[in-house]
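Report on the structure
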Amino acid sequence: MTNGMKALEKSKAEVGLWMVNAAVPAIGPDDVLIRVKKTGICGTDIHIWQWDEWAARTIPVPMITGHEFAGEIVELGKNVTDLKIGQRVSGEGHLIGKTSRQSRAGKFHLDPATRGIGVNEQGAFAEFLRLPAFNVVLLPDAIDDEIGAILDPLGNAVHTALSFDLVGEDVLITGAGPTGIMAAAVVRHVGARHVVITDVNPDRLALAAEVADVVPVNVATQDLKEVMAGLKMKEGFDVGLEMSGNQRAMDQMVESLVMGGRIALLGIPPGKSPVDWSRIVFKAITIKGVYGREIFETWYKMIAMLENGLDVRRVITHRFKVDEFRDGFGAMLSGKSGKVVLDWT
Ligand code: ZN
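Since the structure is predicted, the reported quantities are computational estimates derived from the model, not experimental observations.

Side note on the sheet that holds strand β12 (residues 195-199)
- The strand order β13-β12-β11-β14-β15-β16 describes an open sheet built from six strands, whose pairing is parallel. Taken across any chain shown, the strands that pair with only one partner, and hence form the sheet edges, are β13 (215-218) and β16 (286-289). With strand direction ignored, the average angle separating the axes of adjacent strands in the sheet is 20°.
- Pairing geometry for strand β15 (residues 257-265) and β16, over four bridges, is parallel. Its bridge partner being in β16, L265 is matched across the sheet by G289.

Here is the structure:
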């Protein structure tokens, strides 16, 4: 493996990514080397492609991007005794510290020193990825490489959805991007009653209805109150999952919730956004911010649900060979795609 590897790199501080020949990463004693088979393109990668303000502030150049992947272990660090060469894997892309209060309490996903692959550390858009053995997640036979490549965003969806008890509840999801759609599938899988998903993008709402048994509502043309009346909902949604970062969606969610309703927030507003706090106080609403995946409880639950009938495959709308990565990013930038998967084999 001395001949280098293909990698999709942010080589210059401008729009785009470049296919380069990079050195195969050297692994440390506690790491594994993974041959990457499939990768998913994330909204984060689009920010990096477009080189917006966040990306310019956050990403050092050059940087191999990408954090959604599945592959196979091809090399083990000398301290790694519980994994084997040839195992099919995905993995947690948040590299955590071990010294913070939360980390030492076992709440690894709350470690403030977390570094992201493809953001702060060399990423997965490459033929080979170095990953700490701790971060590796084994893939059972029931999960193929393309689903393995979207476990990171599915994990965001699962973590958000499972924030609150959903059995028999009426759930509103605002934002029908791929993660919102996967959250809808999870909410349905675990036994909610009514699941309504809102957006203003008709393509995404159509995809949502294809992937999950949900009621899609285009809030640009439909009145959510009428939809709720049609479902014979009297008091409002019990749980809200905010996946859009859109202030009007958040306002509508607060208005549509029952007294004592619960909201999990995954969507990220572009900046400070006005919130009607008194409304939230008087409705006695609980709000939880969600970051990443619980390490590794979200992974455990997600894999268990996939083995038990949770089906999100149709959220993958585009598949490209990695040499066609420009088409893949084009599909994402069109705003009409679900998940886009790149094939590195
Ligand atoms: Zn992602």
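The discussion continues.
Observations regarding the pairing of strand β5 (residues 68-76)
- The pairing of strand β3 (residues 31-41) with β5 spans eight bridges and is classified as antiparallel. Residue pairing in the sheet places V32 in a bridge with L76 of β5.
- As judged from the two bridges shared by β5 and strand β6 (residues 88-91), these two strands associate in the antiparallel manner. Bridging across to β6, E72 finds its partner in R88.

Remarks on the environment of K336
- Mapped onto the secondary structure, K336 falls in the loop between α12 (325-333) and β18 (339-343).
- Looking at K336, the relative accessible area reads 56%, which means it is exposed.
- Residue contacts for K336: discarding those within four places in its chain leaves D203 and A331.

Details of the side chain of T160
- The residue T160 is located in helix α5 (residues 151-161) in this model.
- With relative accessibility at 0%, the residue T160 sits in the buried group.
- A polar side-chain atom of T160 sits 2.7 Å from the main-chain carbonyl oxygen of N156.
- When sequence neighbours within four positions are dropped, the list of residues in contact with T160 reads L241, M243, A264, L266 and V290.

Some points on the nonpolar core
- Ranked by size, the top nonpolar core spans 49 residues in total, and within it L154, I173, V187, I197, L241, L306 and V312 carry the most contacts.
- Looking at this core, the elements that each hand over two or more residues are α5, β11 (171-174), α6 (178-189), β12, α7 (202-211), β14 (237-242) and α11 (297-307).
- With seven residues, the top contributor of residues to this core is α6.
- With residues near it in sequence (within four places) discarded, L306 still touches I143, I147, L151, L154 and V312.
- Residues L17, V36, V119 and A331 belong to the second largest nonpolar core, which totals 36 residues.

How each quantity is defined
Residues numbered from 1 in each chain as written. Predicted model: local features only at pLDDT ≥ 70, side-chain atom pairs only at ≥ 80, totals over all residues. Heavy atoms only, no water. Pairing = 2+ DSSP bridges. Helix = DSSP H or I, 4+ residues; strand = E, 2+ residues; numbered from the N terminus. Axes fitted to C-alpha atoms, helices over the stretch in contact; angles between N-to-C directions. Buried < 20%, exposed > 50% of the residue type's maximum accessible area, 1.4 Å probe, protein only. Contact = heavy atoms within 4.5 Å. Polar contact = N/O pair within 3.5 Å; in protein donor to acceptor, adjacent residues only side chain to side chain. Core = buried A, V, L, I, M, F, W, Y, C linked by side-chain atoms within 4.5 Å.

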